[in-house]
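Observations on chain architecture
Listed below, chain by chain, are the residues.
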Amino acid sequence: LVVTPDLRNHGRSPHVPTISYPEMAEDLKAFMEAHWMFSATVVGHSMGGKVAMQLALSHPDMVERLVVVDIAPGQAEDNHSSIFDALRGMDLSKIKTRQEAETYLSERIPDTGTRQFLLKNITRERDGSYSWKMNLPALWEHFDNILAPVHGDDPFDKPTLFVRGSRSNYIKDADFPLIKSLFPQAEIVTVKDAGHWVHADKPAELMAILKDFLS
């Protein structure tokens, strides 16, 4: 059984005024308990990876194994302010087609994969207008919390896998000591020719790595 919940302020999950890793870890704990899942392998990518790490550090009894895809546990670099600027500058009330949104973003976000990922956050209402699935104002207001490190009183000493893309800079060699201090059993695997969206760039390779780790 694979369950993929949306985090707060994303998708159909509640849109609320605040967002932080401790809050999202508690959200995930509550979600698991509500669905009678009291222990699971938890896999997360990017911000979701930090939520998975925080859950493992805060509630290690609920995490059997941890998989983190292309994000380090420390303070993250700001790689997204320009993306927020582009999204906040797009007036969805004036967008009539998805192609118009694509054209607008193509002038501001050159990477096709990133644009396609972002366009998944636009939904069409019954009246034909477009809106954001995510709570863009809250995400921007608390962007510092999204860049923040995860914390734990004790290390998570269970099987842990970090997967990074060779063309990504989200997990650097310099991050290894911090990773090992928080996750002593961590293995770190690099996927050749993958960027930050490892699952999109190299899905078969990532699936093989996951199967090997989980077996």
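Above this text is the structure in question.
Residues numbered from 1 in each chain as written. Predicted model: local features only at pLDDT ≥ 70, side-chain atom pairs only at ≥ 80, totals over all residues. Heavy atoms only, no water.

**Some details on the pattern of salt bridges**
Side chains carrying opposite charge are able to pair once their charged atoms draw close together. Our working definition: Salt bridge criterion: a side-chain nitrogen from Lys or Arg within 4 Å of a carboxyl oxygen from Asp or Glu. Each residue's exposure class comes from its accessible area (1.4 Å probe, protein chains only) as a fraction of the maximum for that residue type: buried when under 20%, exposed when over 50%, partly exposed otherwise. Counting from the N terminus, the helices are the DSSP runs of H or I reaching at least four residues and the strands are the DSSP runs of E reaching at least two.
On inspection of all chains with the given rule, the structure shows 9 salt bridges. As a salt-bridge pair, Arg-108 and Glu-107 come within 3.2 Å of each other at their nearest N and O atoms. The partly exposed category is assigned to Arg-108, whose relative accessible area is 40%. According to the relative accessible area criterion, Glu-107 is exposed, its value standing at 60%. For Arg-167, the salt bridge is made with Asp-201, and the minimal N-O distance between the two is 3.6 Å. You can see Arg-167 sitting in the loop between β5 (160-165) and α8 (176-182) and its partner Asp-201 sitting in helix α9 (residues 198-201), a full 34 residues away along the chain. Take Asp-201: its relative accessible area is 34%, and that puts it in the partly exposed class. Salt bridges sharing common partners tie together Arg-8, Glu-23 and Asp-27.

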